[in-house]
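# Architecture and fold: a report
Below are the chains, spelled out letter by letter.
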Amino acid sequence: MSSTTLFPNVAAIMTGAVAFIGLALPGVAAPAHARNVIIFVADGLRPGSVNPSDAPTLTSVREKGVFFANSHSVYPTFTMPNASALATGHTPGDTGVFGNVISTGFPVFDKGSFTGVAPRSPTPFIEDDQILGDVDDHFPGANFLGEESLLALARRQGLNTAAVGKLGPTLLQDVTEGNPTAGAATVPRTIVMDDRTGDPAGVPLSPAMIEALTAAGLAAKAPNRSNGAAAKSPGDNGFNGSSTAPGTKAANVAQQRYFVDALTKVILPRFGTDGKPFLVVFWSRDPDGTQHNQGDSLNALTPGINGPTVKLAVQNVDANLKQILDFVKADPKLAASTDVVVTSDHGFSTISRHEVDAAGTVTASGAAKFVYKSADGGPDVTPGFLPPGFLAIDIAAHLKLPLFDPDTQIAGEGGVKVYAPVDWTGERPTATKLVRPKAGNGLIGGTGAGAGKGPSDAKVIVAANGGSDLVYVAQQDRATIRDLAAFLIAQDYVGALFVNDAAGKIPGTLPLSAIRLLGSAQTPAPSLVVAFKTFATDAGDPVNSAVEVTDYTLQQGQGMHGSFGRADIFNNMAAMGPDFKAGFVDRAPASNADIPLTVARILKLPVKSRGKLAGRVLTEALAGKPDKVASQCGVVASPPSDEGFKTWLHYQEVGQGGKTVRYLDAAAKSSDQIAWGDWVGTLPCPSKKVAATKP
């Protein structure tokens, strides 16, 4: 459907339920000057959460523009891997962002890159400005991604650029702008505003930006997530609760209002004054932050992330988007020259730390058989539940090797710092031992020595992320990888298992190359990627009632992502504007890695790639281009393990421009192709018989 038939007159546009329909007005030719693009990322927004009641603006963008009905998060389905894909157009095999937590091969801040910041973990949580700057400082070109980001390219080509929103993925959009000079970050050329704005640990604003914020009645320091409520109260969006106390009952309203006000009252007006085209990325923490922390379902799988608090978060996101679109619509020239792309980095699921299937079967994990108490003797983990760090504990027990916590340093002999040992049989932590890894990460084997002073001597490193964990084996030792693969594929909480190609073919597993995780990455590649079990509480609506086992610090009934289930892979994507078709449903496979390449085409930016694991230009969604693109579905299965388990992968492929782009639909472990279970009806072309193919 063309834009001229979608909107018969301007009055209809202005009086619609959602005011912003102003991009590509019917019968009005777009001006000749260059395009602007706004990329709006609603972190963790599920397609099923978008409806006219809770999200009228998001619904309108789908209906009035292009709705990507076959959209994908890149795997692993975490924020930072997808942020790197949105920044560069490449999957994690090229960017090296294999999770929100990765093994860098060194303790962050070991070079003293930031004044006064002591060395920390070799398994850092990289959603942090200073950590990103420090990691960059360790790699060639001071850019650990190894690719020039879309924002950096646009900035270099003379466009105005800004990244606003959630700490971590926001700076990653132009990551080198946070790199340290003389021990501190300096004012970047791209405007960067996130949770750390105004904080010494953040990326600074220019004096002119601070003056403009003040003139607009906005503070130069970003608010936290408390909404002004008492800490650890239901109104505090940052409160995640505990095993005995429910988390937040509020959306992240105040902080996000600040960011959207800064964009619409300061940044965009400033860009309009100088007349240069612009590229802006706005990264909304909601609904992700609220879905993680919500207190509607403590220790219960229902309603899980389908309770009233998450609805508030979706409504909050929708209001943020409406404010941005209303600003654009208010200026006819801006409306006629601005494209808006809406996406989410990943889907979401409810956490299980106990059940491993819809029948209620409880895990037999060795780690779940111990008692875990806090230092005061209170319950830290519900008895019988999986503790944070269960994978590291189970692997250490299997290998009969000591376990150390890379995120906790204590004084060893002579006061020398060492990583804290973990004794999961000890019930309560002491000054010299923990009962579980603090954040779930683990150093297995070695001595725990050398904290903050170079590579760990561990034999195995576990980076705990949530719905999938990364396992690194020293020197990619094949015997150890094969031993761990045989052990892990038999665990009831493992949903699919992938191994580094260097280890060769291993029964029950598929290679990292099959899932686009082996490319030109500069950070260490994992030896094994463990996708945890997923299932559904409602067989009639499996995507929106999805549950996943999670190795993280949150509780059963709260929210997480990162798995290879359909609920985490299926994200929300839509776009509208003068360069996109109107009223068009795009059923071809698409992903977050396609967005920067498509935007670069619109902005006529010359993209150059180092790696080969890139997305494609979504030509079928662009105005004046053919509606269809050829694609095909495929299924691949591993050889069976000794127990008969296979890892199955369902995918789609598009051939374009002399290359083949693979889209990952779901993966699961089973003795036969019925592995998909509840998901089968949600898979693209699920009824089509496809012969198993090579990875």
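Residues numbered from 1 in each chain as written. Predicted model: local features only at pLDDT ≥ 70, side-chain atom pairs only at ≥ 80, totals over all residues. Heavy atoms only, no water.

### Brief notes about the overall build of the protein
Our working definition: Where helices and strands are cited, they refer to DSSP runs of H or I of at least four residues and of E of at least two residues respectively, numbered from the N terminus. Radius of gyration: C-alpha atoms only; globule rule: 2.2 Å multiplied by the number of residues to the exponent 0.38. Only protein chains enter the calculation, and the probe is 1.4 Å; a residue is then buried if its accessible area is under 20% of its type maximum, exposed if over 50%, and partly exposed in between. Note on contacts: a residue pair qualifies if any of its non-hydrogen atoms lie within 4.5 Å across the two residues. All accessible areas in this document rest on Shrake-Rupley with a 1.4 Å probe, and a residue is counted as covered only by the protein chains that are shown. In this count, Lys and Arg are taken as positive residues and Asp and Glu as negative ones, while His and the chain termini are left out. Charge positions are represented by NZ for Lys, CZ for Arg, CG for Asp and CD for Glu.
Secondary structure summary: the protein contains 17 helices and 27 strands in total. In summary, the protein has a C-alpha radius of gyration of 24 Å against a globular reference of 26 Å for 695 residues, a match within 12%. Expressed along its principal axes, the backbone C-alpha trace of the protein runs to roughly 70 × 60 × 45 Å. The buried share of the protein, taken over its 695 residues, is 62%. For the protein, the proportion of contacts with a sequence separation of at least 24, taken over those separated by at least 6, is 72%. Surface exposure of the protein reaches about 23,700 Å², of which carbon and sulfur atoms provide 56%. Here the protein contributes 58 positively and 62 negatively charged side chains, and the mean placements of these two sets differ by 4 Å.

### Let's talk about the packing of aromatic side chains
Heads up, the condition is: In this scheme Phe, Tyr and Trp rings, the latter by its six-membered ring, pair at centre separations within 6.5 Å, and the angle between planes marks the pair as stacked below 30 degrees, edge-to-face above 60, and tilted otherwise. The criterion for a charge sitting over a ring is simple: Lys NZ or Arg CZ within 6 Å of the ring centre, and within 35 degrees of the ring normal.
For the structure on display, the rule yields 11 aromatic pairs. Geometrically, the ring pair formed by Phe-109 and Phe-114 is edge-to-face, given 6.2 Å between the ring centres and 80 degrees between the ring planes. For Phe-114, a relative accessible area of 4% puts it in the buried group. Plain terms: the ring middles of Phe-498 and Phe-564 are 5.5 Å apart, the flat faces sit at 40 degrees to each other, and that makes the pair tilted. Here Phe-564 lies in the loop between strand 21 (559-560) and helix 16 (566-569) and Phe-498 lies in strand 16 (residues 494-499), a separation of 66 residues in the sequence. Owing to a relative accessible area of 0%, Phe-498 belongs among the buried residues under this scheme. Three or more aromatic residues joined by ring pairs make a cluster, and in this case those are Tyr-75, Phe-498 and Phe-564. Here the guanidinium or amino end of Arg-662 rests over the ring plane of Tyr-651, the centre of that ring lying 3.8 Å away.

### Observations regarding the packing of helix 10 (residues 253-274) against helix 12 (residues 308-329)
Put simply, the rule reads: Every angle, taken between N-to-C directions, lies between 0 and 180 degrees, and every axis is a line fitted to C-alpha atoms, over only the stretch in contact when it is a helix. Each angle receives one of four descriptions, namely roughly parallel if under 35 degrees, roughly antiparallel if over 145, roughly perpendicular if within 65 to 115, and oblique otherwise. Throughout this entry, Asp, Glu, Lys and Arg are counted as charged residues, while Ala, Val, Leu, Ile, Met, Phe, Trp, Tyr, Cys and Pro are counted as nonpolar. The remaining residues, Gly among them, count as polar.
Running from N to C, helix 10 and helix 12 cross one another at 10 degrees; their axes reach a closest spacing of 10 Å. One finds that helix 10 runs roughly parallel with respect to helix 12. Contacts between helix 10 and helix 12 involve Val-253, Gln-256, Val-260, Asp-261, Leu-263, Thr-264, Leu-268 and Pro-269 from the first element and Asn-316, Asn-320, Gln-323, Ile-324 and Phe-327 from the second. A breakdown of the residues in the contact of helix 10 with helix 12 according to their chemical character gives seven nonpolar, five polar and one charged.

### Overview of the pattern of salt bridges
As a reminder of what qualifies: One side-chain nitrogen of Lys or Arg within 4 Å of one carboxyl oxygen of Asp or Glu is enough to make a salt bridge.
Inspection of every chain in the model, using the stated rule, returns 20 salt bridges. Across the pair Arg-285 and Asp-195 runs a salt bridge, and its minimum N-O distance is 2.7 Å. Here Asp-195 lies in the loop between strand 7 (191-193) and helix 9 (207-215) and Arg-285 lies in the loop between strand 8 (278-284) and helix 11 (288-293), a separation of 90 residues in the sequence. Residue classification places Arg-285 among the buried residues on the basis of a relative accessible area of 11%. Note on Asp-195: relative accessible area 18%, which makes it buried. Here Asp-199 makes a salt bridge to Lys-221, at a shortest N to O gap of 3.8 Å. One end of the pair, Asp-199, is in the loop between strand 7 and helix 9; the other, Lys-221, is in the loop between helix 9 and helix 10, with 22 residues separating them in the sequence. Its relative accessible area of 46% is what places Lys-221 among the partly exposed residues. Counted as one network, the salt bridges with shared partners bring together Asp-43, Glu-127, Lys-166 and Asp-288.

### Some thoughts on the sheet that holds strand 2 (residues 66-68)
The cut-off we apply is this: When DSSP finds two or more bridges between two strands, those strands count as paired.
In spatial order, the strands read 7-4-8-1-9-22-2-23; together these eight strands make up an open sheet with mixed pairing. Whereas interior strands pair on both sides, the edge strands pair on one side only; in this sheet they are strand 7 and strand 23 (584-586). With strand direction ignored, the average angle separating the axes of adjacent strands in the sheet is 10 degrees. Summarising the sheet, strand 1 (residues 36-42) and strand 9 (residues 338-343) pair through six bridges and their orientation is parallel. Following the sheet pairing, Val-41 is matched in strand 9 by Thr-343. Sheet contacts for helix 3 (residues 56-64): strand 2, strand 9 and strand 22 (573-576); angle to strand 22, the most-contacted strand, approximately 70 degrees.

### Focus: the confidence of the model for the protein
What counts is decided by this rule: Confidence of the prediction at every residue is given by pLDDT, a number between 0 and 100.
Per-residue confidence for the protein averages 92 on the pLDDT scale, and 92% of its residues sit at or above 70. In the model, residues 1-33 has pLDDT below 50 throughout and makes 59 contacts with residues more than four positions away in sequence or in other chains. Taken together, the stretch residues 689-693 has pLDDT below 50 and engages in nine contacts with residues farther than four places along the chain or on a different chain.

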